[in-house]
Amino acid sequence: MEIVNNDTTYTHLIIGCTKCKKNIEVMNEDHMAISYTKYSDKDLDDLFISNFQCIFCHERMIVTPHLINLFFEFQDKGYLIKFVEDRVEVFNKSSIIIFNKYDNVNNIINEDAAVQNIINNDELSCIYETAHDIESNNFEVILHDSRLPIIDSLYF
């Protein structure tokens, strides 16, 4: 059976409110299905203009040009990129890297061979700039290529 993708891309932006995620987890519900909103490339113009608003608590997250740029930089390249709390988690079919969003990007590029095998310097800079725009204590942002599984947390 062939899987048909009606979107123009495999890549989606998924945004959720961490406060509401925690409340839903307490109720033992599927927090990914309930508290997160998935956006395709067709939705980005409206998202950029109106920003993200949690459907439960109405908390707003400003969608910046860096976040939109990240989408197009990594579109259909086979990545799962998560911005959660102070971490950035990058996953592809063969590797995982996790770094603190407050780490010096030049140190990450120069000292970590694993990073260099997964993403190039421009891509890492794009991720790093986006990480600083996201209020990751209040919101979780995931750039997801649908050919990869969604992992609740890569941080073990």
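Refer to the preceding data block for the structure.
The present account deals with the structure reproduced in this document. Remember, predicted model here, so these are calculated numbers, not experimental data. (Residues numbered from 1 in each chain as written. Predicted model: local features only at pLDDT ≥ 70, side-chain atom pairs only at ≥ 80, totals over all residues. Heavy atoms only, no water.)

All right, on to the side chain of E140 then. As for its placement among the helices and strands, E140 is situated in strand β8 (residues 139–145). A residue is classified by how much of its surface remains accessible, and E140, at 2% relative accessible area, is buried. Among residues more than four places away in sequence, those in contact with E140 are I14, I15, G16, T18, K21, Y36, K82, F83 and V84. (Helix = DSSP H or I, 4+ residues; strand = E, 2+ residues; numbered from the N terminus. Buried < 20%, exposed > 50% of the residue type's maximum accessible area, 1.4 Å probe, protein only. Contact = heavy atoms within 4.5 Å.)

With seven of its seven residues buried, β8 lies for the most part within the structure. Both strand β1 (residues 11–17) and β8 contribute to a ladder of seven bridges, which runs antiparallel. Within β8, the position partnered with I15 by the bridge is V141. Looking at chain direction, strand β5 (residues 80–84) and β8 are connected through four bridges and run antiparallel. (Pairing = 2+ DSSP bridges.)

Turning our attention to unusual backbone geometry. Non-glycine residue N51 carries a positive phi angle of around 70 degrees. Within the element layout of this structure, N51 appears in the loop between α3 (44–50) and β3 (52–53). Positive phi outside glycine occurs at H58, with the angle close to 70 degrees. In this fold, H58 is placed in the loop between β3 and β4 (60–61).

Looking at where Y128 falls in the secondary structure, it is placed in helix α7 (residues 121–133). Considering only alpha carbons, one finds Y128 and F99, 29 residues apart in sequence, at a separation of 9.7 Å. When residues no more than four places from it in sequence are discounted, the contact partners of Y128 are F99, K101, Y102, D103, N104 and V105.

Turning next to the packing of aromatic side chains. In total, this model carries three aromatic pairs according to the counting rule given. Geometrically, the ring pair formed by F52 and F139 is edge-to-face, given 5.9 Å between the ring centres and 90 degrees between the ring planes. Residue F52 is found in strand β3, and its partner F139 is found in strand β8; the two are separated by 87 residues along the sequence. For the pair formed by F52 and F139, the shared burial category is buried. Between F71 and F72, the aromatic rings sit 5.2 Å apart at their centres with planes inclined by 80 degrees, giving edge-to-face as the arrangement. (Phe/Tyr/Trp six-rings, centres within 6.5 Å; stacked < 30°, edge-to-face > 60°.)

Turning next to the pattern of salt bridges. Within this structure, the stated rule accounts for six salt bridges. In this structure, E140 and K82 form a salt bridge, with 3.6 Å as the shortest nitrogen-oxygen distance. Here the residue E140 occupies a position in strand β8, and K82 occupies one in strand β5, the gap between them amounting to 58 residues. Two residues, D145 and R147, come together in a salt bridge whose shortest N-O distance is 2.7 Å. According to the relative accessible area criterion, R147 is partly exposed, its value standing at 43%. What you see here is one network of salt bridges that share partners, running through E73, K77 and E123. (Salt bridge = Lys/Arg side-chain N within 4 Å of Asp/Glu carboxyl O.)

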